[in-house]
Amino acid sequence: MLNIVLVDDEQLIIYHLIKIISSFDIPHKIVGTANNNQQALTIIRETHPNLVITDIRMGGSNGLDLCDMLTITMPHTKIIILSGFDDFEYAQKALRCNVFNYLLKPINEKELYAQLVQVNILLEQEKETEAKNFMLKEQLRECLPLMQEWFFKIIRENLDNPEIIDSTFCLFNIDILNRSYQVLFIDFLQDNNAQEIEKEFINVSRLAQTITLFIEDDLKKIYFYDTSSITIILSSDSSDMVEVQKRNYHLADRIRQYLDFNYQHPFSIGLSTIVQNIAQLRQSVKDAIAASKYSFYIGFNEIICTTDVGLRNVGEIVPNFKYIQEDLLKYIRLCDSQHAEQFLNIFYLNVLQLHGDRILATNKFLELYYYLSNSLSQEFNFDKTPSQKIVIQLENCTNLEKIKGILSDYVNHSIQNIEQLRTNKSRKLIDKAKIYIQTNYADDISLESIAYEIGLSACYLSTLFKNMEMTSIKEYITDVRIEASKKYLHDINLKIYEVAANVGYTDSRYFSQLFRKKVGYTPGQYREFIKSET
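**Q** For this particular structure, what's the right way to read the overall build of the protein chain?
**A** Scanning the protein chain from terminus to terminus reveals 24 helices and 12 strands. Within the protein chain, buried positions represent 45% of all 534 residues. Pairs at least 24 apart in sequence give 68% of the contacts found in the protein chain among residues at least 6 apart. Accessible surface computed for the protein chain: about 29,000 Å², of which carbon and sulfur atoms make up 50%.

**Q** How should the packing of aromatic side chains be read in this particular structure?
**A** How two aromatic rings sit relative to each other is set out by the distance from centre to centre and by the angle between their planes. As enumerated under the stated definition, the model contains 18 aromatic pairs in all. Ring geometry for Tyr505 versus Phe511: centroids 5.9 Å apart, planes at 35 degrees, classification tilted. The exposure class assigned to Tyr505 is buried, which follows from its relative accessible area of 8%. One aromatic cluster is present, built from ring pairs that chain together Trp150, Phe151, Phe152, Phe169 and Phe224. Sitting over the ring of Phe261, Arg45 keeps its end group 5.1 Å from the ring centre.

**Q** What exactly am I supposed to notice about the pattern of salt bridges here?
**A** Working definition: two side chains of opposite charge can pair if their charged atoms are close together. On inspection of all chains with the given rule, the structure shows 17 salt bridges. The shortest N-O distance in the salt bridge between Arg282 and Glu149 comes to 3.0 Å. With a gap of 133 residues between them, Arg282 in helix α10 (residues 281-292) and Glu149 in helix α6 (residues 137-157) connect regions that are remote in the sequence. In this structure Glu149 comes out as partly exposed when scored by relative accessible area, which is 45%. Through salt bridges that share partners, Arg427, Asp431, Lys434 and Glu469 make up one connected network.

**Q** How should the sheet that holds strand β6 (residues 78-83) be read in this particular structure?
**A** By definition, the strands of a sheet pair up through backbone hydrogen bonds, in either a parallel or an antiparallel sense. Pairing is parallel across the open sheet formed by five strands, whose spatial order is β2-β1-β3-β6-β7. Either end of the sheet is taken by a strand with one partner, and the two such strands are β2 (28-34) and β7 (101-104). Strand-to-strand twist across the sheet, computed as the mean angle between neighbouring axes with direction ignored, equals 20 degrees. Strand direction decides the pairing type here: strand β3 (residues 51-55) and β6, joined by five bridges, are parallel. Bridged to Thr54 within β6 is Ile81.

**Q** I would appreciate a short explanation of the side chain of Thr54 in the present structure.
**A** With respect to the helices and strands, Thr54 occurs in strand β3. Setting aside residues up to four positions removed in sequence, Thr54 forms contacts with Val7, Gly63, Leu66, Cys67, Ile79, Ile80, Ile81 and Leu82.

**Q** Where do I start with helix α19 (residues 447-454) in this structure?
**A** An α-helix turns once every 3.6 residues. As a result, residues three or four positions apart point the same way. For α19, every residue scored as buried is listed here: Ile450, Ala451 and Ile454. For α19, the angular spread of buried residues about the axis comes to 100 degrees, placing them on one side. Looking at α19, the residues exposed on the side facing more than 90 degrees away from the buried face are Glu448 and Tyr452. Packing partners of the buried residues in α19 comprise α18 (400-440), α20 (458-469) and α21 (473-488). Just past α19, the residue Gly455 takes up positive phi, approximately 85 degrees.

**Q** Got a minute to help me understand the sheet that holds strand β9 (residues 220-225) in this structure?
**A** With mixed pairing, the five strands of this open sheet are ordered in space as β9-β10-β8-β11-β12. The sheet is open, and its two edges are formed by β9 and β12 (303-305), each paired on a single side. Taking the axes of each pair of neighbouring strands and ignoring which way they run, one obtains an average angle of 20 degrees across the sheet. Contacts between helix α9 (residues 241-262) and the sheet are confined to β8 (180-188), β10 (229-236), β11 (267-271) and β12, with β8 contributing the most and set at about 20 degrees to the helix.

**Q** Where do I start with the packing of α19 against α20 in this structure?
**A** Each pair of packed helices can be summarised by the angle the axes make with each other and by the distance between the axes. At a closest axis distance of 9 Å, the pairing of α19 and α20 adopts a crossing angle of 95 degrees. Classified by the angle their axes make, α19 and α20 are roughly perpendicular. Across from Leu447, Glu448, Ile450, Ala451 and Ile454 in α19, the residues of α20 making contact are Ala458, Leu461 and Ser462. The residue makeup of the contact of α19 with α20, split by class, is six nonpolar, one polar and one charged.

**Q** What's the story with the nonpolar core in this structure? I'm lost.
**A** Counting 36 residues, the largest nonpolar core has Leu328, Ile332, Phe365, Leu372, Leu376 and Leu394 as the members making the most contacts within it. Those elements that provide at least two residues to this core are α14 (321-333), α15 (337-351), α16 (358-380), α17 (388-396) and α18. Setting aside its immediate chain neighbours within four residues, Phe365 contacts Phe347, Tyr348, Val351, Leu394, Leu400, Ile403, Lys404 and Leu407. Of all hydrophobic cores here, the second largest spans 29 residues; its members include Ala433, Phe465, Tyr476 and Ile477.

Cut-off values and rules
- Residues numbered from 1 in each chain as written.
- Predicted model: local features only at pLDDT ≥ 70, side-chain atom pairs only at ≥ 80, totals over all residues.
- Heavy atoms only, no water.
- Helix = DSSP H or I, 4+ residues; strand = E, 2+ residues; numbered from the N terminus.
- Buried < 20%, exposed > 50% of the residue type's maximum accessible area, 1.4 Å probe, protein only.
- Contact = heavy atoms within 4.5 Å.
- Areas by Shrake-Rupley, 256 points an atom, 1.4 Å probe, with all protein chains shown as cover.
- Phe/Tyr/Trp six-rings, centres within 6.5 Å; stacked < 30°, edge-to-face > 60°.
- Lys NZ or Arg CZ within 6 Å of the ring centre and 35° of its normal.
- Salt bridge = Lys/Arg side-chain N within 4 Å of Asp/Glu carboxyl O.
- Pairing = 2+ DSSP bridges.
- Axes fitted to C-alpha atoms, helices over the stretch in contact; angles between N-to-C directions.
- Arc of directions from axis to C-beta.
- Parallel < 35°, antiparallel > 145°, perpendicular 65-115°, else oblique.
- Nonpolar A, V, L, I, M, F, W, Y, C, P; charged D, E, K, R; others polar.
- Core = buried A, V, L, I, M, F, W, Y, C linked by side-chain atoms within 4.5 Å.

Right, dumping it as structure tokens:
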């Protein structure tokens, strides 16, 4: 079925397209419409259509810019360009942007129908091909994890005989020998469990196949993947190493944009330096993997080159636990459980790199606990000394996974305590604001004056008050004034305008309107009701 997004700055044209397409006997669904590129990208990201029909010129937007972006972020999506300009140059640009077809306005229904039929047939063929490919998933599961080791085994055992390497690889349709090599490693930060392994394997397999479409034909490649990573080896025949480096970095950036747009979880891309001897390729893979691990302080969804982090000089990555501890503490303060757990996992993964030294690994977790405990006690007045119970648990535990579990429980408990403290503090601030309103309702009070009185910004007070009281400060002031006015109305000697003035309203008509809205009677009717009751 065609899932279609329509993009045009003229809403009438969109309505016309919907009317035309709805009359076609082609299975379809209009999943969204947009009037400019920004709206279109938002809708496309949410709906993942398989067909986009877009105008080529839309006021300040350019349909070709949208096509350029979709070529990177949604390469499988088909695009049909509509234009009122019979301009061959635009048609050429559209075709370079991987546009399926180019149609002129006014729209010819028969031509549009023919194009939609062709798109539908092509999508069905692609779907069938994909289904056939994934019938082999059992064989892939068994063979692909072994392929990378086999690949390097062939290289290692035949370094003096490149002809044997070449002929062996040719048997498996692998063409990789060249002047230079560079490795691109994509690390997906996933916490897989047994139920998710097959799903993640298939997802990463699809990602790997899509990503390799970005690699230009003159670059040779081979790639390997598992449930949480993709390793791409690129080789070039060019003697200009600077140019090769630029091209490969540009490729890595296209992949980063694609993943950032389509992939929901954090990832990191490590890029090795260029080597000119295939014997150095294994080390390049290690360097690219090591560079990707620097995401814990450089940031996720970024490209990290080995030259950026000095791996060639260091030889291997030395985890900087200080950065991880600081980020973990930051998210505990923010009461962000998801990111706090993520950084605790990163801390754990880096502890695992300590060459199997259990005592050193345990001490690292103890250091983390002391750091968090001391920091939180200073800021939130928690227990002044670390819990000896937790310390003993950490010291006596021989399983690092269980140690991580103890720290995870501590982190979650700390977040709950901070949330409770903030709720209590917020309640005190809101109560203070309410008392101020109840005391000064007769004056010309405002959100700003109340916020100044209790020491908060007006914006923060407004949000906090609404979240805790389920009403706005303006409504609350009105309620307090109306309740006060009911007491004044018992005094028959007071005029209505005097009652209004006593509760902070200079306009008696406005006061009467508010009173009737809140109580159901005008002030005069309410006074008569009081008389009849007495």
